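Each chain, written out:
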Amino acid sequence: MRSALTLPVVLLALYALQTVAVRAQACVADQGGDLVCGAGNSASRVFADTTSPSKNYAFAWRTAQGLPSGRDAPNGVENVLIRVTDGAVLATLGGTHWETGEMRANRSELMAAWSPDSRAVVEVANSRWDSDSFAYYRIDGATATKLDLRALVEPVLTARLPPRNREGNSFRVHEDLPVTLDARGRLRFTAMLYVPKGETSNDYVVQVNVRDRGGKLSAQVVSVRRAN
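Residues numbered from 1 in each chain as written. Predicted model: local features only at pLDDT ≥ 70, side-chain atom pairs only at ≥ 80, totals over all residues. Heavy atoms only, no water.

K.L.:
Please explain the sheet that holds strand β5 (residues 35-37) as it appears in this structure.
P.N.:
Backbone hydrogen bonds hold the strands of a sheet together, and the pairing may be parallel or antiparallel. If you trace the 6 strands from one edge of the open sheet to the other, you get β4-β5-β6-β7-β8-β9, paired in antiparallel fashion. The two strands at the open ends of the sheet, each matched to only one other strand, are β4 (27-29) and β9 (88-92). Direction aside, the axes of adjacent strands within the sheet are offset by 40° on average. As defined by bridge partners, β5 adjoins strand β6 (residues 44-46) across 2 bridges and the pair is classed as antiparallel. For Cys37, the partnering residue across the bridge sits in β6 and is Ser44. (Pairing = 2+ DSSP bridges. Helix = DSSP H or I, 4+ residues; strand = E, 2+ residues; numbered from the N terminus. Axes fitted to C-alpha atoms, helices over the stretch in contact; angles between N-to-C directions.)

So this is what it looks like as structure tokens:
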């Protein structure tokens, strides 16, 4: 049964982390057509399906030892938000996903949901059971400000469960369902609370509104309803 609930305004001034862009070398296509930025230990590889509408920004991955060669699996992976025009790193993301031309990380996914003006992006970094990172990034020139969306949304969804069912749940944003962000900061997505390897899950369609006031980000959950 579908139900809709408009929550009381829950305006949460969340911790915002601002990072200054670290300049790297320009991004160029490798033999497989993927963009690689920089060289040596500073090299990063772009996730092609995370590029912004303007083509100026994207998610990428790197390691302290540089990109692996051949079919070697990387260690110590870090995901970053970069400026494709010059390879500058605007922010460190929360996920650790990686892909090469021949291999990819097992049981992990990375999604970027961009605003139409390419000024903001939402990161969904899923591992086998959880969304390890669910965050909003606001880009302003050479900086990106981060807002932790999981810290806002998970308690709201947990509060909708009976008290006896609130412990031991994993939180996961569906990467196979639409995650959309419009130019006004309205974010819509489907998330689930469930016990790993259990038989049922509690799925919710959620809208969060993000506001930027003088560079200070805040967010509110404005609606939650059970998904079919």
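K.L.:
I'm lost on the nonpolar core in this one. Help?
P.N.:
Taken as a class, soluble globular proteins show a tendency for nonpolar side chains to be buried jointly. Within the largest apolar cluster, 30 residues are counted, with the highest numbers of intra-cluster contacts made by Val122, Phe134, Tyr136, Leu157, Leu187, Phe189 and Val208. Only β10 (109-114), β11 (120-126), β12 (131-140), α1 (149-158), β14 (170-173), β16 (186-194), β17 (201-213) and β18 (216-226) provide two or more residues apiece to this core. If you tally residues by element for this core, the top one is α1, at 5 residues. Leave out the neighbours within four places in its chain, and Phe189 touches Phe134, Val153, Val173, Pro178, Val179, Tyr204, Val205, Val206 and Val208. Among the nonpolar cores identified, the runner-up in size contains 20 residues, and Tyr57, Trp61, Trp98 and Ala135 belong to it. (Core = buried A, V, L, I, M, F, W, Y, C linked by side-chain atoms within 4.5 Å. Buried < 20%, exposed > 50% of the residue type's maximum accessible area, 1.4 Å probe, protein only. Contact = heavy atoms within 4.5 Å.)

K.L.:
Can you walk me through the state of the cysteines in this structure?
P.N.:
Formally, a disulfide is one covalent bond, and it connects the sulfur atom of one cysteine to the sulfur atom of another. A full pass over the atoms with the stated rule returns 1 disulfide. Each disulfide pairs two cysteine sulfurs, and for Cys27 the partner residue is Cys37, the sulfurs being separated by 1.9 Å. An S-S torsion of about 95° defines the bridge between Cys27 and Cys37 as right-handed. Taken as a pair, Cys27 in strand β4 and Cys37 in strand β5 lie far apart in primary sequence, 10 residues in all. Comparing Cys27 with Cys37, the two get one shared label, buried. (Disulfide = S-S within 2.5 Å.)

K.L.:
When you look at unusual backbone geometry in this model, what are you seeing that I'm missing?
P.N.:
Leaving glycine aside, a negative phi is the common case for residues, and trans is the common case for peptide bonds. Although it is not a glycine, Lys55 adopts a positive phi angle of roughly 70°. By secondary structure assignment, the location of Lys55 is in the loop between β6 and β7 (57-62). Although it is not a glycine, Ser118 sits at a positive phi angle of roughly 65°.

K.L.:
How do you make sense of the pairing of β17 when you look at a structure like this?
P.N.:
Within a regular beta strand, the side chains point alternately toward one face of the sheet and then the other, so they alternate between its two faces. Where β16 meets β17, 9 bridges bridge the pair, whose relative direction is antiparallel. Bridging from a neighbouring strand, Leu187 pairs with Val208 of β17. Counted along the chain from β16 to the antiparallel partner β17, the turn is 6 residues long, and its residue Lys197 has a positive phi close to 70°. The sheet contact formed by β17 and β18 spans 10 bridges and is antiparallel. Bridging from a neighbouring strand, Gln207 pairs with Ser223 of β18. Joining the antiparallel neighbours β17 and β18 is a turn of 2 residues, in which Gly214 adopts a positive phi near 60°.

K.L.:
Just to check I follow, could you spell out the environment of Arg211 for this structure?
P.N.:
Mapped onto the fold, Arg211 is located in strand β17. Each C-alpha atom, one on Arg211 and one on Gly185, is 6.5 Å from the other, the two residues being 26 residues apart in sequence. Other than its neighbours up to four places away in sequence, Arg211 contacts Lys216, Leu217, Ser218 and Gln220.

K.L.:
Is there a simple way to explain α1 in this structure?
P.N.:
Because the α-helix completes a turn every 3.6 residues, residues three or four places apart line up on one side. With 7 of its 10 residues buried, α1 lies for the most part within the structure. Listed in full, the buried residues belonging to α1 are Leu149, Leu152, Val153, Glu154, Val156, Leu157 and Thr158.

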